[in-house]
Protein chains: 4
Amino acid sequence: MILFNCDYLEGAHEEILKRLAETNLQQEIGYGEDSFCEHARELIRAQVKDSDAYVQFIAGGTQTNMILLSSMLRSHEGVIAADTGHIAVHESGAIEATGHKVITLPNTEGKITAAQVEAYAAAHYADDTHEHMVKPQVVFISFPSEVGTIYSKSELRALRKVCDRYGMYLYLDGARLGYGLMSEACDVKLSDIYRLTDAFYIGGTKQGALLGEAAVIRNTALRKEFRYILKQRGGMTAKGRILGIQFEVLFDGKGKDCLYFRLSDHADRLAAKFRDGLSALSVPMYQESFTNQQFPVLPDKVLKKLSKDYSYAYWGRVDETHSAVRFCMSWATKEENVDKLLKAIEKLLK
Amino acid sequence: MILFNCDYLEGAHEEILKRLAETNLQQEIGYGEDSFCEHARELIRAQVKDSDAYVQFIAGGTQTNMILLSSMLRSHEGVIAADTGHIAVHESGAIEATGHKVITLPNTEGKITAAQVEAYAAAHYADDTHEHMVKPQVVFISFPSEVGTIYSKSELRALRKVCDRYGMYLYLDGARLGYGLMSEACDVKLSDIYRLTDAFYIGGTKQGALLGEAAVIRNTALRKEFRYILKQRGGMTAKGRILGIQFEVLFDGKGKDCLYFRLSDHADRLAAKFRDGLSALSVPMYQESFTNQQFPVLPDKVLKKLSKDYSYAYWGRVDETHSAVRFCMSWATKEENVDKLLKAIEKLLK
Amino acid sequence: MILFNCDYLEGAHEEILKRLAETNLQQEIGYGEDSFCEHARELIRAQVKDSDAYVQFIAGGTQTNMILLSSMLRSHEGVIAADTGHIAVHESGAIEATGHKVITLPNTEGKITAAQVEAYAAAHYADDTHEHMVKPQVVFISFPSEVGTIYSKSELRALRKVCDRYGMYLYLDGARLGYGLMSEACDVKLSDIYRLTDAFYIGGTKQGALLGEAAVIRNTALRKEFRYILKQRGGMTAKGRILGIQFEVLFDGKGKDCLYFRLSDHADRLAAKFRDGLSALSVPMYQESFTNQQFPVLPDKVLKKLSKDYSYAYWGRVDETHSAVRFCMSWATKEENVDKLLKAIEKLLK
Amino acid sequence: MILFNCDYLEGAHEEILKRLAETNLQQEIGYGEDSFCEHARELIRAQVKDSDAYVQFIAGGTQTNMILLSSMLRSHEGVIAADTGHIAVHESGAIEATGHKVITLPNTEGKITAAQVEAYAAAHYADDTHEHMVKPQVVFISFPSEVGTIYSKSELRALRKVCDRYGMYLYLDGARLGYGLMSEACDVKLSDIYRLTDAFYIGGTKQGALLGEAAVIRNTALRKEFRYILKQRGGMTAKGRILGIQFEVLFDGKGKDCLYFRLSDHADRLAAKFRDGLSALSVPMYQESFTNQQFPVLPDKVLKKLSKDYSYAYWGRVDETHSAVRFCMSWATKEENVDKLLKAIEKLLK
């Protein structure tokens, strides 16, 4: 059985394990103030081209979204997201549990546009009774989106502009940030993400780490007393070192010449190979994606048989006899397994 | 510089790192439903002598307290704790952030008694206006307490009784559970803890793991839909395997013949040695402790000089020239360092 | 200037003021346990045909929704509502502020159907990852809806059935309950509402009282310790008597022979007259309504001129030159003013 | 039976009822933006000597505390209060339900001192791990306190100073503000309260109104978007007029020449008479009070007999045969009833 259902099926890149072992008995203070975290922060600051960038490491993605968003919001404020946004669907109401509404806008291929956000904010303030509604204060986007699409630089700029116009923050969920940045369709760099958002996170869990995300806050107003909130929401890891060490290994290098981007590129490359292979078999895609997640539409019969040897995530019914499914490539995916998968699909389609 | 200021200064026991490496590329499903977590659950069930015990692994201690306690409480209910209790002091208001009051009772050596709890609950229900006050619904205790003391079996039984009388839950924070259970002063076993509480957690972070706590719920009513809340509060680790693997390594063995208890015993033994050494030097203790934390009272002058080579946690002023400080021994403490520390203190006291 | 923009433009029915004055210096205990509240409870119990019905009086509608819904929900649970539902739009995120998601379903004329709810719940539990999503636990409906429509008995029965099937509660917001129950299109009675829901409230503020809503809870499990929550959320009025007295006056009588229903009927009758008058003028309705709110579509030019002498609520743009607006009749509306309004519209339309 | 157990036993002053009746059918817009609220605001602005003072009317006291305090706090911040403070004891955890800790300091006669607050704040920031504790951000005081005592001008100034030093807000609960300000022992005016606090409220419910409190915010930063929060927490009364009208009647006049202060004075005067009468009978006081609440210590036997004809609130046991109880005078108390009460006590003491 070969698993393709998600991108967190294995442990961590071996370099990370090696480094954890090497540094294991070195004594370090806790709570993210150790030398490893400090060094990892420096490496990330170099990537985002701001030697003053504020970085904290947090164990998981839902936690990171919850902590960052709740730190940005007063009680009457909410966050705008695509109706497919992770915080709107798959975090069990984590944002609402901190007291805030997730205001959903209809997505287009997993994304929302500046025009949509503008229209929503404009309508809010134009309404005489706007104090009876949740004030939109943050715009949440995922990069890549939950269906593997990515925002272009001009789309991000437009979102930035509308956020500035209405005094809103722009927040970016980068659970799969590397897979997005290394996509052949991508025209932005990590430093652009930093510059155009108020805060975002660099995903580690789905990108080669055991666990851990790097929250990066550009807006200085949002840094104030952040660590109180980090602690309060359970996000301050006692042995912060284990997060710092991992990001140190992932970002050791200049620009895209570091493990993080190499692993991302590996997954994107295999995803492209898989996409091309399916295309050659005339398999339609539910959603075009140039990142590590691919969403082919296959006959239910084929899927049933395929599932004996390969796992995938069920995505949605297309017609009576076809379904869309998701296959994920990751930093750990072996090329030979992609080849096997393609051959298996080819055989079943005959 | 040798650090003694806390018990999470190093990484993890080498057996854990070894096992993480061995299993690294094995593909496993996420969110705590992998085979490692399942096996670790089995090992813990054997320890608590209930093949049906409900176990979930959570990354950190504050998170575990917040998730378990908030899952037990309706909005008008609160949790009783010692005024020195971790949730009352050092979790940045994590419980209040979930909407619940921490009701504090004055501690005696870090503990509260059944009589205190009884008096509080009785007074609550005797008051005609009790609906105007927070309903006490959970009793929170730490084992060992924040100052290293432990509850005896008869104390735990008495707390259980008063909880039953008033329909309250008994919850135990076991961040340093092993150090408590292996103490020479301890007369309870892990299975007693399980039987006498409604829920508790077995600390991993301070006991040899990289990170991770095992939440154990005995009361079946409290298990219902728990995983929704685990996810919502950011406590469902995507690669749950990394928590499962660690507890698998720690609890591989029968009864106290497993790594978890061996490491705990090591720390307690060194703490006893340190305590005896101080006693021989006529150093008074701020608080008698038979677990891994020791709280000597030392002259400020001595402390100042000592701090050049050894770290400790400042605990409180005793008089104009003396302070209480905390030294922690852990699974990773080297006996030679304890010897050095004792000699350094001896020298400075002369 | 004559105002029609909402149904809370005047004080209270004169009988209420008279009774407040008569009883003013009678000493009574506080917090809703006075003799007036007790008597009002009895009158409401007679209406819902359950001598054991649980009734609490609360000052306002948003407060009542917030208190009742939050009392029904554990932290991972949410409430399903129409996307036009008051809690989803016009309560500034009051439900989210208590930690719970409002799950919206697309409305049809302000209502949601049992089939929609069934589909949502079924999909939730069919999804392997449902623990990653908010658990639907309450279905919220407004009666009449925010656009004046009402649920039929068979629609309510179907909702009851699907709630029972999935262990969900059915909650009904009755801010304008009387206007709904007295509608010519209505086939349910107050006792049906009671029997078919788990809890609901009888609106006073928009129905002739100075302020105040009567929360009625049928489901005995939901009554437990309710008054703690009432107090905690700021809903326990110190001088509860002023709410009790008002509901006493409103429900003094048998069945529909009481002030509450007479006032409701008055408003519905004037609304029908207004609707018929507009129909005679061939004015189209944005939304057909048989309750006290009417939603005609009028030329913007007409509206502009009309607004010099009459107020209405703007509802939405229909085309470049026409808008939908809302006119409300209430217990206090004078028939002569409705006649004047119709004549003014007629004149402007020429 | 004559009731003295609290100060909200009757309806409202007759002038209020008269004015409600006179204005009853005047149409007014809702949500506190009507002409009565505007006028009442002007009257209060004159009292606090700031023509720009921000005023909102809210139905109840717990609600007012909850709304004002939660609007002042970010998630990691808490409020310091006396351990006898209303928010710490008798609001069913309302503040915690909004996510914030109430940090208690030991009271002296119901009050806390600037020195206590200073010591707490200083210790907080001196602690290296302060991010692990709730940040003290607001100081809550009651004026008069829950046991009838009042802060002097110099005490308020000292509190203001320490709040400024640590960037904290000073908030004053004025549920019985008039009874405090008219006390013979009081050296502050309403305008002093305004100037020395960031926000406070003028109690109406216990001071002659049917219900209602006037929240007054001096600090301009705290006014921003306040009405969203007012709505969200259920504090925006649809018919705001009924609150405005009441404060209009209460504050119609210049300085202390208005109904509010005349009624307060009436109660304080009767309380002084009662105190003097008890003193003549050599009845000791549990707590010296110069406001409307009096706390005599009486033999249990006397209390038992007295309770057949007079109600009081039980306050606490003093010794085996004596208890402290509370008698409240109010705007509505009849002097003849105080005379009767004194005679009854005199008779029973013989």
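The notes below deal with the structure included here. Remember, it's a predicted structure, so these values are computed and weren't measured experimentally.

What follows concerns the state of the cysteines. Residues and elements named next belong to chain C. Counted by the stated rule, this structure contains 0 disulfides over all chains. C186 takes part in no disulfide bond, and the closest cysteine sulfur, belonging to C258, lies 15 Å away. With relative accessibility at 16%, the residue C186 sits in the buried group. Relative accessible area serves as the criterion here: at 0%, C258 is assigned to the buried category.

The next point concerns the environment of D:S279. When you line up the elements, D:S279 lands in helix α12 (residues 259-280). We classify D:S279 as partly exposed; its relative accessible area is 49%.

Time to look at the pattern of salt bridges. Going through the model one piece at a time under the given rule, you end up with 100 salt bridges over all chains. Taking the shortest distance from any N to any O, the salt bridge between B:D7 and B:R176 comes out at 2.6 Å. Of this pair, B:D7 sits in the loop between β1 (2-3) and α1 (14-22) while B:R176 is found in the loop between β6 (169-173) and α8 (177-181), placing the two residues 169 residues apart along the sequence. The residues B:D7 and B:R176 share a single accessibility class, namely buried. Two residues, C:E248 and C:R19, come together in a salt bridge whose shortest N-O distance is 3.7 Å. Of the two residues, C:E248 sits in helix α11 (residues 241-250) while C:R19 sits in helix α1 (residues 14-22), which places them 229 residues apart along the sequence. Salt bridges here are not isolated pairs; linked through shared partners, they connect A:E77, A:K135, D:K224 and D:E225.

As a further point, take the relation of the copies chain D and chain B. Between the two copies, chain D and chain B, the superposition gives an RMSD of 0.1 Å; the rotation angle is 180° and the shift along the axis is 0.1 Å. Taken together, the turn and the small shift mark the pair as related by a two-fold rotation axis. Interface overlap between copies: 100% of the residues of chain D at the interface are likewise at the interface in chain B, consistent with a symmetric, same-surface contact.

As a further point, take helix α14 (residues 335-349) of chain B. All names here are of chain B. The terminal C-alpha atoms of α14, which comprises 15 residues, lie 21 Å apart, in line with the 21 Å expected from a rise of 1.5 Å per residue. Taken as a whole, α14 has its buried residues at N337, V338, L341, L342, A344 and I345. Looking down the long axis of α14, one finds its buried residues gathered within 160° of arc, a one-sided arrangement. Among the exposed residues of α14, those pointing more than 90 degrees away from its buried face are K343 and K347. Against β1, α12 (259-280), β10 (293-299), α13 (300-306), β11 (310-311) and β13 (322-328) lie the buried residues of α14.

Turning next to the packing of helix α6 (residues 114-126) of chain A against helix α7 (residues 153-166) of chain A. Residue and element names in this part refer to chain A. With their axes 9 Å apart at the nearest point, α6 and α7 run at an angle of 15° to one another. As summarised for this structure, α6 and α7 are arranged roughly parallel, according to the angle between their axes. As α6 runs across α7, the sense of the crossing is left-handed. On the side of α6, the interface is formed by A114, V117, E118, A121, A122 and Y125, while α7 contributes A158, L159, V162, R165 and Y166. Its residues placed into classes, the contact of α6 with α7 shows 9 nonpolar, no polar and 2 charged.

Contacts between the two partners involve 42 residues from chain A, matched on the other side by 41 residues from chain B. Between chain A and chain B the total buried area reaches about 3,800 Å² when both faces are included, carbon and sulfur atoms providing 57% of it. Of all residues in chain A, A:Y8, A:Q27 and A:K239 bury the most surface against chain B, accounting for 18% of the area lost on that side. Applying the counting criterion to the chain A and chain B interface returns 0 salt bridges. At the junction of chain A with chain B, the criterion picks out 26 residue pairs in polar contact (both at pLDDT 80 or more). Within the side of chain A that touches chain B, the residues separate by chemical class into 22 nonpolar, 13 polar and 7 charged.

Moving on to the interface of chain D and chain B. Across the contact, 16 residues belong to chain D and 16 residues belong to chain B. Per-residue buried area on chain D facing chain B is highest for D:S92, D:E96 and D:K101; these three make up 37% of the total on that side. The interface formed by chain D and chain B includes 2 salt bridges. A salt bridge links D:K101 to B:E96; the shortest N-O distance between them is 2.9 Å.

What follows concerns the packing of aromatic side chains. The tally for this structure, following the rule as stated, stands at 56 aromatic pairs over all chains. With a centroid separation of 6.3 Å and 5° between ring planes, the pair formed by D:F247 and D:F251 is classed as stacked. Taken individually, D:F247 and D:F251 each receive the classification buried, so the pair is uniform in this respect. Chaining the aromatic ring pairs together yields one cluster made of A:F4, A:F274, A:Y310, A:Y312 and A:F327. In this structure, A:K111 is placed above the aromatic ring of A:Y151, and the distance from its NZ or CZ to the ring centre is 5.2 Å.

This part is about a positive patch on the surface. On the surface, a cluster of positive charge is made up of A:K301, A:K304, A:K305 and A:K308. Counting through the fold element by element, A:K308 comes out in the loop between α13 (300-306) and β11 (310-311).

Turning next to the sheet that holds strand β4 (residues 102-105) of chain D. Residues and elements named next belong to chain D. Pairing is mixed in the open sheet, where 7 strands are placed in the order β2-β8-β7-β6-β5-β3-β4. Both outer strands of the open sheet, β2 (54-58) and β4, are each paired with one neighbouring strand and no more. Pairwise comparison of adjacent strand axes, ignoring direction, gives a mean angle of 25° for this sheet. Summarising the sheet, strand β3 (residues 77-82) and β4 pair through 4 bridges and their orientation is parallel. Bridge pairing links I80 to I103 in β4. Each of β2, β7 (199-203) and β8 (213-217) is contacted by helix α2 (residues 35-48), which is oriented at about 125° to β2, the strand it contacts most.

Further remarks concern the packing of helix α2 (residues 35-48) of chain B against helix α11 (residues 241-250) of chain B. Residues and elements named next belong to chain B. Packing of α2 against α11 brings their axes to within 7 Å, and their N-to-C directions diverge by 35°. For the element pair α2 and α11, the recorded crossing hand is left-handed. Taking contact as the criterion, the partners of F36, C37, H39, A40, L43 and I44 in α2 are, on α11, R241, G244, I245, F247 and E248.

Ranked by internal contacts, the top residues of the largest apolar core, which has 175 residues, are A:I202, A:F251, B:I202 and B:F251. Setting aside residues up to four positions removed in sequence, B:F251 forms contacts with B:L43, B:I44, B:Q47, B:L190, B:I202, B:C258, B:Y260 and B:F261. Grouped together as the second largest cluster of nonpolar side chains are 173 residues, C:L263, D:V188, D:L211 and D:V283 included.

This part takes up the sheet that holds strand β5 (residues 135-142) of chain A. All names here are of chain A. The strand order β2-β8-β7-β6-β5-β3-β4 describes an open sheet built from 7 strands, whose pairing is mixed. With one partner strand each, in any of the chains shown, β2 (54-58) and β4 (102-105) form the two edges of the open sheet. The average angle at which neighbouring strand axes cross in this sheet is 25°, direction not considered. When β5 meets strand β6 (residues 169-173), the two strands line up parallel, connected through 5 bridges. Pairing of S142 across the sheet is with D173, part of β6. Lying over the sheet, α6 contacts β3 (77-82), β4 and β5, oriented at roughly 170° with respect to β5.

Rules used in this analysis
Residues numbered from 1 in each chain as written. Chains lettered and ligands numbered in written order. Predicted model: local features only at pLDDT ≥ 70, side-chain atom pairs only at ≥ 80, totals over all residues. Heavy atoms only, no water. Disulfide = S-S within 2.5 Å. Buried < 20%, exposed > 50% of the residue type's maximum accessible area, 1.4 Å probe, protein only. Helix = DSSP H or I, 4+ residues; strand = E, 2+ residues; numbered from the N terminus. Salt bridge = Lys/Arg side-chain N within 4 Å of Asp/Glu carboxyl O. Least-squares fit on C-alpha atoms with pLDDT ≥ 70 in both. Contact = heavy atoms within 4.5 Å. Expected span 1.5 Å × (residues − 1). Arc of directions from axis to C-beta. Axes fitted to C-alpha atoms, helices over the stretch in contact; angles between N-to-C directions. Parallel < 35°, antiparallel > 145°, perpendicular 65-115°, else oblique. Left-handed = near helix turned anticlockwise from the far one by under 90°. Nonpolar A, V, L, I, M, F, W, Y, C, P; charged D, E, K, R; others polar. Buried area = accessible area lost by both parts, 1.4 Å probe. Polar contact = N/O pair within 3.5 Å; in protein donor to acceptor, adjacent residues only side chain to side chain. Phe/Tyr/Trp six-rings, centres within 6.5 Å; stacked < 30°, edge-to-face > 60°. Lys NZ or Arg CZ within 6 Å of the ring centre and 35° of its normal. Patch = residues over 30% accessible without salt bridge, like charges linked within 9 Å, V, L, I, M, F, W, Y side chains within 5 Å. Areas by Shrake-Rupley, 256 points an atom, 1.4 Å probe, with all protein chains shown as cover. Lys, Arg positive; Asp, Glu negative; His and termini not counted. Charge placed at Lys NZ, Arg CZ, Asp CG, Glu CD. Pairing = 2+ DSSP bridges. Core = buried A, V, L, I, M, F, W, Y, C linked by side-chain atoms within 4.5 Å.

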